[in-house]
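# A structural walkthrough
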Number of protein chains: 2
Amino acid sequence: MGRISKDPELRKKEFIETADKLFREKGFDQTSTSDITDKIGLSHGSLFYYFPSKNELMKAVICNRLDRGFQSLNNIAADPEKNALQKINSIFNLLINPNHTKGTMIDFFQNDSNAALHREFTKRFRELFIPLFSKIFEQGVREGLFKVEYPKETIEYLNYIFENLFENVTSSKDKNEHYRKIKALEIIIAKSLGVSEDKMKLLQY
Amino acid sequence: MGRISKDPELRKKEFIETADKLFREKGFDQTSTSDITDKIGLSHGSLFYYFPSKNELMKAVICNRLDRGFQSLNNIAADPEKNALQKINSIFNLLINPNHTKGTMIDFFQNDSNAALHREFTKRFRELFIPLFSKIFEQGVREGLFKVEYPKETIEYLNYIFENLFENVTSSKDKNEHYRKIKALEIIIAKSLGVSEDKMKLLQY
């Protein structure tokens, strides 16, 4: 009974984190809802008290991952010691670092029945990333580092690239393709920001 | 009986074109399958002989629109009188011309239950557009007009912008926002291709 009376918010968090771990380890389809409740040591029905369906639980897992990942980016953006260029470089080092893009999300999204969840992810990504980059762009213009004539529109366009980066960069067949993709990205961002290309170090090689 | 014995391919085409017209006029949800068969003058069941479901019919409508639209772009790309820059400008004049982006496709895709169809559209868009632009980029480099270090990777990135253009540009609140979006797009493309911005005339104002 001690576990049943746990704070609902903490319990919800426990479900999300346990599900996230199992989805990564076994895959979404291969993880049953009872795998999740078993792991926590609760009855099968208890999950549906918090989440109406496994899909809703997955949605919560996606938002949780994005929000948590985003927190680290937000900390970089808020760093008073960094100029706008350093912020962009640090953020991409985190974003496209192969160690951070592991997991089952890409395969999960490829599945046709998860297309709506994929769009949910993209929507949330836009809500988080566009304001973050807008602020850094403005800072760069103020600092005289960036030269962007239409910052709002430019970040909207670039964000279409950013939201597909995980999938694009991680799908590289070999090191050479990966290198070319990073270089091409550095050039597009540098040119869009009016910065010399050699100042962009999106990933340390 | 004359109509019933029509060539199956022609009949299929008739269904697709009638559905396309009705989906545009009334919207996808508001168009029933019997609206379509009534318009052609056939029994309701006849449609399902050609398409297992209304969604499959919509998929055929989407492919048909894309393939038909693409045909005009392909003609531009094959024009021996145009250099690569003229081709890019002509293609975008066609792509983002407000008269060509009307219709119900954007609203249709917004609906959660159509997310898989939206992805189908995006997939087909990539299959058609990436090879088309790759060829024009190569031509531009040969002609000494473009300077692109990583053409394959660059077109992959830019295509993420292109496939969202309908939605992005047509969602402009007013003429000023529309203008800014076109200008920002011209700058991103011009810079990515190493072309002076004033040579990009993606839309005639």
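Residues numbered from 1 in each chain as written. Chains lettered and ligands numbered in written order. Predicted model: local features only at pLDDT ≥ 70, side-chain atom pairs only at ≥ 80, totals over all residues. Heavy atoms only, no water.

### Concerning the overall build of chain A
To keep things clear, this is the line we draw: Only runs of H or I of at least four residues qualify as helices and only runs of E of at least two qualify as strands under DSSP, and these elements are numbered from the N terminus. Accessible area is worked out with a 1.4 Å probe on protein chains only. A residue is then buried under 20% of its type maximum, exposed over 50%, and partly exposed in between. Here a residue-residue contact requires only that any non-hydrogen atoms of the pair lie within 4.5 Å. Only the protein chains shown count as covering a residue, and every accessible area follows the Shrake-Rupley method with a 1.4 Å probe. When charges are tallied, Lys and Arg are placed among the positive residues and Asp and Glu among the negative ones, while His and the ends of the chain are skipped. The atom standing in for a charge is NZ when the residue is Lys, CZ when it is Arg, CG when it is Asp and CD when it is Glu.
Helix and strand counts for chain A stand at ten helices and zero strands. For chain A, the sequential pattern of α-helices and β-strands runs α-α-α-α-α-α-α-α-α-α. Expressed along its principal axes, the backbone C-alpha trace of chain A runs to roughly 60 × 35 × 30 Å. For chain A, the proportion of its 205 residues judged to be buried stands at 50%. The long-range share in chain A, meaning contacts at least 24 apart out of those at least 6 apart in sequence, stands at 65%. Summing over all exposed atoms, chain A offers an accessible surface of approximately 10200 Å²; the carbon and sulfur share of this is 52%. Each charge class in chain A was averaged separately, 32 positive and 29 negative side chains, and the resulting centres sit 2 Å apart.

### What to know about the packing of aromatic side chains
Residue and element names in this part refer to chain A. Stated precisely, the cut-off is as follows: Aromatic pairs are defined between Phe, Tyr and Trp rings, using the six-membered ring for Trp, whenever the two ring centres lie within 6.5 Å; interplanar angles under 30 degrees are classed as stacked, those over 60 as edge-to-face, and all others as tilted.
Taken as a whole and assessed by the stated rule, the structure comprises 26 aromatic pairs over all chains. Here the aromatic rings of Phe-92 and Phe-133 are separated by 5.9 Å at their centres, their planes lie at 35°, and the arrangement is tilted. Pair noted here: Phe-92 is in helix α5 (residues 84–95) and Phe-133 is in helix α7 (residues 115–142), with a separation of 41 residues, a long-range link. By the burial criterion, Phe-92 is buried, and Phe-133 matches it.

### A word on the pattern of salt bridges
Residues and elements named next belong to chain A. Definition in use: Between Lys or Arg on one side and Asp or Glu on the other, a salt bridge is scored when a side-chain nitrogen of the former is within 4 Å of a carboxyl oxygen of the latter.
Per the stated rule, a full pass over the model turns up 36 salt bridges over all chains. The residue Arg-68 makes a salt bridge to Glu-17 at a minimum N-O spacing of 4.0 Å. Of this pair, Arg-68 sits in helix α4 (residues 54–77) while Glu-17 sits in helix α1 (residues 8–26), and the two are 51 residues apart along the sequence. Given a relative accessible area of 45%, Arg-68 falls into the partly exposed group.

### Focus: the relation of the copies chain B and chain A
Rule in force here: The copies were overlaid by least squares, fitting only the C-alpha atoms of residues that reach a pLDDT of 70 or more in each copy.
When chain B is fitted to chain A, the best match, at an RMSD of 0.1 Å, comes from turning it 180° and sliding it 0.0 Å along the axis. Look at the turn and shift together and you get a two-fold axis relating the two. Most of the interface of chain B is mirrored in chain A: 100% of its interface residues are interface residues there too.

### Some details on the domain arrangement of chain A
Residue and element names in this part refer to chain A. Applied cut-off: The split into domains, and so the bounds of each, comes from an automatic or database assignment of domains. Two parts placed together each lose some accessible area under a 1.4 Å probe, and the buried area is that loss summed for both. For this classification, Asp, Glu, Lys and Arg are treated as charged, while Ala, Val, Leu, Ile, Met, Phe, Trp, Tyr, Cys and Pro are nonpolar and the rest, including Gly, are polar.
Domain annotation for chain A reports domain 1 (1–51) and domain 2 (59–199). Computed over C-alpha atoms, the centres of domain 1 and domain 2 are 31 Å apart. Taken residue by residue, the interface counts ten residues in domain 1 and eleven residues in domain 2. Surface buried jointly by domain 1 and domain 2 totals about 840 Å² across both partners, of which 59% is contributed by carbon and sulfur atoms. Connecting domain 1 to domain 2 are two salt bridges. The partner of Arg-65 in a salt bridge is Asp-20, with the nearest N and O atoms 2.6 Å apart. Along the lines of polarity and charge, the residues of the side of domain 1 that touches domain 2 split into five nonpolar, one polar and four charged.

### Overview of helix α2 (residues 33–40) of chain A
One turn of an α-helix holds 3.6 residues; hence residues three or four places apart share an orientation. All names here are of chain A. Quick reminder of the rule: The directions from the helix axis to the C-beta atoms are what the arc is built from.
Taken as a whole, α2 has its buried residues at Thr-33, Ile-36, Thr-37 and Ile-40. Taken end-on, α2 shows its buried residues confined to a sector of 90°, consistent with a single buried face. Residues of α2 that are exposed and point more than 90 degrees away from the buried face comprise Asp-38 and Lys-39. Buried residues in α2 make contact with α1, α3 (46–50) and α4. Two residues or fewer after α2 comes Gly-41, characterised by a positive phi angle close to 90°.

### Notes on the nonpolar core
Note the following rule: Think of a nonpolar core as a cluster: buried Ala, Val, Leu, Ile, Met, Phe, Trp, Tyr and Cys residues, connected wherever their side-chain atoms sit within 4.5 Å.
If you look at the biggest cluster of nonpolar residues, it comprises 128 residues, and the most contacted ones within it are Phe-92, Phe-133 and Phe-162 of chain A together with Phe-92, Phe-133 and Phe-162 of chain B. Beyond its immediate chain neighbours, meaning those up to four positions away, Phe-162 of chain A contacts Phe-92, Phe-125, Phe-133, Ile-155 and Ile-189 of chain A.

### Structural notes on the interface of chain B and chain A
Note the threshold: Polar contacts, as used here, are pairs of N or O atoms within 3.5 Å; protein pairs need one atom able to donate a hydrogen and one able to accept it. Residues neighboring in sequence count only if both atoms are side-chain atoms.
Contacts between the two partners involve 35 residues from chain B and, on the opposite side, 35 residues from chain A. When chain B packs against chain A, close to 3200 Å² is buried across both sides, 53% of that on carbon and sulfur atoms. Three residues, Arg-119, Tyr-150 and Tyr-157 of chain B, lead the burial of chain B against chain A; their summed loss comes to 24% of the area buried on that side. On inspection of chain B and its partner chain A, the count reaches two salt bridges. Across the pair Arg-180 of chain B and Glu-153 of chain A runs a salt bridge whose closest N-O atoms are separated by 3.0 Å. Linking chain B to chain A there are eleven residue pairs in polar contact (both at pLDDT 80 or more). Put simply, the parts of the chain that give the side of chain B that touches chain A at least two residues each are α6 (105–110), α7 (115–142), α8 (151–162), α9 (165–170) and α10 (175–193) of chain B. Looking at the side of chain B that touches chain A, the element that brings in the most residues is α10 of chain B, giving eleven residues. In the side of chain B that touches chain A, the residues fall into 16 nonpolar, seven polar and twelve charged.

### A short note on the environment of Phe-15 of chain A
Residue and element names in this part refer to chain A. Among the secondary structure elements, Phe-15 is positioned in helix α1. Assessed through its relative accessible area of 0%, Phe-15 is described here as buried. Along the chain, Phe-15 and Tyr-50 lie 35 residues apart, while their C-alpha atoms are 8.6 Å from each other. Apart from residues no more than four positions distant in its own chain, Phe-15 is found in contact with Ile-36, Thr-37, Ile-40, Leu-42, Ser-46, Leu-47, Tyr-50, Phe-51 and Leu-57.

### Some points on the packing of helix α4 (residues 54–78) of chain B against α7 of chain B
All names here are of chain B. Stated formally: Comment: axis = line fitted to C-alpha atoms, over the contacting stretch for helices; angle = value between 0 and 180 degrees taken between N-to-C directions. When describing relative orientation, an angle under 35 degrees is termed roughly parallel and one over 145 degrees roughly antiparallel, while 65 to 115 degrees is termed roughly perpendicular and anything else oblique. Note: crossing handedness is left-handed where the near helix turns anticlockwise from the far helix by less than a right angle, and right-handed where it turns clockwise.
Interhelical geometry of α4 versus α7 gives an angle of 15° and a closest axis separation of 10 Å. The angle between α4 and α7 falls in the class roughly parallel. Considering how the two elements wind past one another, α4 and α7 form a crossing that is right-handed. Taken together, the residues of α7 that come into contact with α4 (itself represented by Asn-55, Met-58, Lys-59, Ile-62, Cys-63, Leu-66, Asp-67, Phe-70, Leu-73, Asn-74 and Ala-77) are Leu-117, Glu-120, Phe-121, Arg-124, Phe-125, Leu-128, Phe-129, Leu-132 and Ile-136. A breakdown of the residues in the contact of α4 with α7 according to their chemical character gives 14 nonpolar, two polar and four charged.

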